[in-house]
Amino acid sequence: MRVRQLVSIFILWVVGLPAWAGAIRGGAVAGTVWSDDRQQPVADAVVYLGGVRTPTPVDVSPVVLDQQHNQFVPHIQLARAGAPLIIQNSDPYLHVFRIELLQGGQKPQLWFRQATPYAGFEKRGTLPAAPEPFLLRFRGENGETRMIAYIAVIPHPWAALTDAQGRYQINDIPPGDYRLFAWHETSGTLAGQVNVVRGRTSQVRLAFPHAP
């Protein structure tokens, strides 16, 4: 009887091992993004690791951008390079917008223009792939100044958006030294360094020195 109990315990331990091992396989980075100029947290900032060359499977979940009440929804979101992109129109009238590629401080490059003529219209495509993170900026061309959105396209899974308190957390990062970046639409980009330790959470506070 005791032998059977020990065998059962061993089987349960082995079955649970992959999940347990995966939990401690990497480390995490967490912290806040702050504006020193305004003395307040920065919400909706994109925090990501730079210079990561590790190949990872593409997240096939589609990225959806809708047009509601003359605005893009959501305003800012994260996406994996190569993922499907669905652009929708929920307004009962025509929208025309442009999509610009923003990368590495270079001048914005026009990706393409698109018209979404009626409610229920969908435009499907695929997000471009690149070895480094980049931004796609969507801008309305019908005089709708509020109609702007961003998709941060990341070639790896180690990125996060800050919440209303400026907090972020990135999990399951392979141990090592990394450049850590934060981008915000009105504050620009800043960079820091982080050492990721297996099974631990490294705390990093990123602070924009001033608002542009």
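Read on for a plain summary of the structure. What you see is a predicted model; the values in this text were computed from it and never measured.

## Overview of the overall build of the protein chain
Inference 1: Looking only at helices and strands, the protein chain features 1 helix and 17 strands.
Inference 2: Looking at the 212 residues of the protein chain, the share that counts as buried comes to 39%.
Inference 3: Excluding contacts between residues fewer than 6 apart, the proportion of contacts in the protein chain whose partners are at least 24 apart in sequence is 65%.
Inference 4: Carbon and sulfur atoms make up 55% of the accessible area of the protein chain, which amounts to about 11,900 Å² in all.

## Topic: the pattern of salt bridges
Pairing between side chains of opposite charge can happen when their charged atoms approach one another.
Inference 1: Applying the stated criterion across every chain, the model contains 8 salt bridges.
Inference 2: A salt bridge links Asp36 to Arg205, with the shortest nitrogen-to-oxygen separation between them at 3.8 Å. Note that Asp36 is positioned in the loop between β1 (27-35) and β2 (40-41) and Arg205 in strand β17 (residues 201-208), a separation of 169 residues in sequence.
Inference 3: Assessed through its relative accessible area of 35%, Asp36 is described here as partly exposed.
Inference 4: Between Glu122 and Arg124 there is a salt bridge, and its shortest N-O distance comes to 3.2 Å.
Inference 5: Judged by its relative accessible area of 36%, Glu122 is partly exposed.
Inference 6: Through salt bridges that share partners, Arg98, Glu100, Arg113, Arg137, Arg139 and Glu141 make up one connected network.

## A few points about the pairing of strand β15 (residues 176-184)
Inference 1: Where strand β3 (residues 46-50) and β15 come together, 5 bridges link them in antiparallel fashion. Paired with Val47 across the two strands is Ala182, which belongs to β15.
Inference 2: Pairing of β15 with strand β16 (residues 188-196) involves 9 bridges; the strand directions are antiparallel. When the bridges of β16 are listed, Arg179 appears paired with Gln193.

## Some remarks on unusual backbone geometry
Inference 1: Residues Val73 and Pro74 are joined by a peptide bond in cis, for which omega reads 0°.
Inference 2: By the element assignment, Pro74 lies in the loop between β5 (71-73) and β6 (76-80).
Inference 3: Backbone geometry places Asn70, a non-glycine residue, at a positive phi of 65°.

## Description of the pairing of β1
Inference 1: Counting buried positions along β1 yields 7 of 9 residues, so the element is predominantly enclosed.
Inference 2: Sheet topology places β1 next to strand β14 (residues 167-173); 5 bridges connect them, and they run antiparallel. Among the inter-strand pairings, Val29 is bridged to a residue of β14, identified as Ile170.
Inference 3: Sheet topology places β1 next to β17; 8 bridges connect them, and they run parallel. Residue pairing across strands places Val29 opposite Ser202, the latter belonging to β17.
Inference 4: By the bridge criterion, 2 bridges tie β1 to β2 in an arrangement that is antiparallel. By the bridge assignment for β2, Ser35 is matched with Gln40.
Inference 5: The turn joining β1 and β2, which pair antiparallel and follow one another in sequence, is formed by 4 residues; a positive phi near 55° is taken by Gln39.

Rules behind the numbers
Residues numbered from 1 in each chain as written. Predicted model: local features only at pLDDT ≥ 70, side-chain atom pairs only at ≥ 80, totals over all residues. Heavy atoms only, no water. Helix = DSSP H or I, 4+ residues; strand = E, 2+ residues; numbered from the N terminus. Buried < 20%, exposed > 50% of the residue type's maximum accessible area, 1.4 Å probe, protein only. Contact = heavy atoms within 4.5 Å. Areas by Shrake-Rupley, 256 points an atom, 1.4 Å probe, with all protein chains shown as cover. Salt bridge = Lys/Arg side-chain N within 4 Å of Asp/Glu carboxyl O. Pairing = 2+ DSSP bridges.

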